[in-house]
Amino acid sequence: MTGPVRTRFAPSPTGELHIGGLRTALFQWAFVQANGGELILRIEDTDQSRYVEGSVENIYEGLRWLGIEWAEGPDVGGPHGPYTQSERLEKYHAVADELRARGRAYRCFCTSERLAQLRKDQQKDGLAPGYDGRCRAVDPGEADERARSEPSVLRFRMDRTGVTTFPDLIRGEVTFQNSLQDDFVILKTDGFPTYHLAMLVDDHDMEITHVIRAEEWLASGPRHLQLYEAMDWPAPHFAHLPLLVDRDGRKLSKRFGDVAALDYRDRGYLPEAMLNFLAFLGWSLDDHTTHITADEFARVFTLDRVVPNPAFFDVERLDALNGHHIRALTPAAWCEHVGEWLDRDLPADIPRPLGADLVAALAPLLQERVTRLDELAGLSRFIFGELPDYPADLLTERIKGDTELATRTLDAAIPAVEAVAPDDWGLEPVEAALRGLQDTLDLKLRKFVSVLYVATMGAPRGIPLFDSVALLGRDEALARLRGARAKLA
């Protein structure tokens, strides 16, 4: 095919955009960016029984979260619209009629009960499931007459001789035996097309040059190529992306608890980190590059560096990448993220707005200690509200239940903090007072510091202790130390 590169992302609005679909869209976007082409967004809603309200908006939101934009689509328009399949029915029916006129499609009157029994019989006999062609020989005139009173579908008449071979831009030459193909439905009883017919018409009308899609559609290659041949239309180039699999080698799916794309956003993954992660799921630049920006990916992406092998969706690697991108944020950008996520996640009983100065002072303490933004509130809650109640044995959890040491630590810490004058309160005096406990207790700080963490934060570890006590203020810090000592009493 000649002309500028054009590819399409064509999701079905049957629920939230899945992370696998987002990876497909990202590779399509990078391909057209690298080749000076255009990405088209098309909504494939021909299966009306599975339509879920709000799905289209979720698709828009998920793509734009990652920075993926499109040149044509339902929301932006374009010269090849409509871009929603349910608005294109006349086009599909016209092509279906043409296929019938050319002898490549026929009406089928087989009931769902007969087809179900056919599948059972084929399974029992060890045969591949597929339509047996019972209605192939029905005279077209008789079929038209019966269609007035009987429900029917329209099937495509496959050429079942020889083989179908086509070049896949990722997998090389792919060959299928045509004898294993069956006559498939292209128009359903409700008048809506199946994926196969709608895809053919839309890709032709929208001048799609490259079809980049999931591996699950590879087996449909013979069907689609015969459809193009039957209409005397040039076929686009095909590229079938590798599967995304979990740790057990299973295909990612909602059935096994794999979350939708925007769930990752809502759990605190940065779009830069998600793009970096998805970019290397099935593609590589070389044997050492592990970090990449959107601009770099769009510049260097090629399909010949995509491998056909399944790609492991390693959440631990995603967490590591997200931590890397968090630490790469500028102080101002990071402070903005901290403020937004604390406002979102802190309990409703904490007064709003949160103090800007306190958020700004807290932000640097968090940047090295989180891998996801949804961890911020848990680490910071002790600063903004009353300390949640905790069991007394938490004070001794990290010191092997040594209540005596916990008591000595608090008995020494309270007067040390009291000795810091209100006018002198700040990080350096607080740090000096708490480090001085090493001499008082004749122990290294690490031996007893967990007691101070629990007393002031309600957890045996967290953000830096000295900074946290300084941010709490003298009165609140003392109140918490005394409250911890009372628990031990």
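You'll find the structure just up there.
Residues numbered from 1 in each chain as written. Predicted model: local features only at pLDDT ≥ 70, side-chain atom pairs only at ≥ 80, totals over all residues. Heavy atoms only, no water.

**Q** Give me the lowdown on the environment of Pro129, citing residues and values where you can.
**A** Looking at the element boundaries, Pro129 is found in the loop between helix 4 (112-124) and helix 5 (140-147). With relative accessibility at 58%, the residue Pro129 sits in the exposed group. Sequence separation between Pro129 and Asp182 is 53 residues; the distance between their C-alpha atoms is 8.9 Å. (Helix = DSSP H or I, 4+ residues; strand = E, 2+ residues; numbered from the N terminus. Buried < 20%, exposed > 50% of the residue type's maximum accessible area, 1.4 Å probe, protein only.)

**Q** Talk me through helix 18 (residues 445-457); I want residue IDs and the actual numbers.
**A** Think of an α-helix as 3.6 residues a turn; residues three or four steps apart then line up on the same face. Relative to the 18 Å expected for 13 residues at 1.5 Å per residue, helix 18 spans 17 Å between its end C-alpha atoms, a close match to the ideal helical length. Burial runs high along helix 18: eleven of the 13 residues are buried. Every buried residue of helix 18 is listed here: Leu445, Phe448, Val449, Ser450, Val451, Leu452, Tyr453, Val454, Ala455, Thr456 and Met457. Of the surrounding elements, those touching the buried residues of helix 18 are helix 14 (376-384), helix 15 (403-418), helix 16 (427-435), helix 17 (437-441), helix 19 (465-472) and helix 20 (474-488). Of the residues one or two after helix 18, Gly458 is the one with positive phi, at around 85°. (Expected span 1.5 Å × (residues − 1). Contact = heavy atoms within 4.5 Å.)

**Q** Any details on helix 7 (residues 221-230)? Residues and values, ideally.
**A** Most of helix 7 sits out of view: nine of its ten residues are buried. All buried positions along helix 7 are accounted for by Gly221, Pro222, Arg223, His224, Leu225, Gln226, Leu227, Tyr228 and Ala230. In the segment just after helix 7, Asp232 is the residue with positive phi, at about 60°.

**Q** Pulling in residues and values, what's your account of the nonpolar core?
**A** For soluble globular proteins, nonpolar side chains are generally found buried alongside one another. Trp334, Leu342, Leu376, Phe384, Leu434 and Leu465 are the most contacted members of the largest nonpolar core, which totals 62 residues. Leave out the neighbours within four places in its chain, and Leu434 touches Val417, Leu445, Leu452, Leu465, Phe466 and Val469. Core analysis: the second largest hydrophobic core is formed by 51 residues, Ile43, Ile68, Ile212 and Leu281 among them. (Core = buried A, V, L, I, M, F, W, Y, C linked by side-chain atoms within 4.5 Å.)

**Q** Quick rundown of the pairing of strand 4 (residues 153-156)? Include the residues and the values.
**A** Residues of strand 4 alternate between two faces, with Val153 and Arg155 on one and Leu154 and Phe156 on the opposite face, all of them buried. Sheet topology note: the strand 3 (residues 105-108)/strand 4 ladder contains four bridges and is antiparallel. Pairing of Tyr106 across the sheet is with Arg155, part of strand 4. The sheet contact formed by strand 4 and strand 7 (residues 185-187) spans two bridges and is antiparallel. (Pairing = 2+ DSSP bridges.)

**Q** Give me the lowdown on the packing of helix 15 against helix 18, citing residues and values where you can.
**A** It is at 10 Å that the axes of helix 15 and helix 18 come closest, and there the two elements cross at 70°. By the criterion of interaxial angle, the relationship of helix 15 to helix 18 is roughly perpendicular. For the pair helix 15 and helix 18, the sense of crossing is right-handed. Only Lys447, Phe448, Val451, Leu452 and Ala455 of helix 18 make contact with helix 15, whose side of the interface consists of Leu405, Ala406, Thr409, Leu410 and Ala413. For the contact of helix 15 with helix 18, the residue count by class is eight nonpolar, one polar and one charged. (Axes fitted to C-alpha atoms, helices over the stretch in contact; angles between N-to-C directions. Parallel < 35°, antiparallel > 145°, perpendicular 65-115°, else oblique. Left-handed = near helix turned anticlockwise from the far one by under 90°. Nonpolar A, V, L, I, M, F, W, Y, C, P; charged D, E, K, R; others polar.)

**Q** Outline the pattern of salt bridges, supporting the account with residue identities and numerical values.
**A** This model, assessed by the stated rule, comprises 34 salt bridges. Of the charged contacts in the structure, one is a salt bridge between Arg6 and Glu38, with a shortest N-O distance of 2.7 Å. Pair noted here: Arg6 is in strand 1 (residues 6-9) and Glu38 is in strand 2 (residues 38-41), with a separation of 32 residues, a long-range link. We classify Glu38 as partly exposed; its relative accessible area is 34%. Look at the salt bridges and you will find they share partners, linking Arg8, Arg42, Glu44, Arg88, Asp202, Asp203 and Asp205 into a network. (Salt bridge = Lys/Arg side-chain N within 4 Å of Asp/Glu carboxyl O.)

**Q** Report on the side chain of Thr396, specifying residues and quantitative values.
**A** With respect to the element layout, Thr396 can be found in the loop between helix 14 and helix 15. At a separation of 3.2 Å, a polar atom in the side chain of Thr396 contacts the main-chain carbonyl oxygen of Asp393. Setting aside chain neighbours within four positions, we find Thr396 in contact with Gly401, Asp402, Thr403 and Ala406. (Polar contact = N/O pair within 3.5 Å; in protein donor to acceptor, adjacent residues only side chain to side chain.)

**Q** Quick one: what's the story with the packing of aromatic side chains, residue by residue and with numbers?
**A** Within the structure shown, the criterion is met by 14 aromatic pairs. Consider the rings of Tyr195 and Trp217, whose centres lie 4.0 Å apart with planes at 20°: the pair is stacked. Placement of the pair is Tyr195 in helix 6 (residues 195-205) and Trp217 in the loop between strand 8 (210-214) and helix 7, with a sequence separation of 22 residues. In this structure Tyr195 comes out as buried when scored by relative accessible area, which is 16%. The interplanar angle of 45° and the centroid separation of 5.7 Å between the aromatic rings of Phe280 and Trp283 together place this pair among those described as tilted. Judged on exposure class, the residue Phe280 and its partner Trp283 are both buried. It is Arg23 that lies over the ring of Phe27; its NZ or CZ is 5.3 Å from the centre. Across the ring face of Tyr60, the terminal group of Arg64 is positioned such that the distance to the ring centre comes to 6.0 Å. (Phe/Tyr/Trp six-rings, centres within 6.5 Å; stacked < 30°, edge-to-face > 60°. Lys NZ or Arg CZ within 6 Å of the ring centre and 35° of its normal.)

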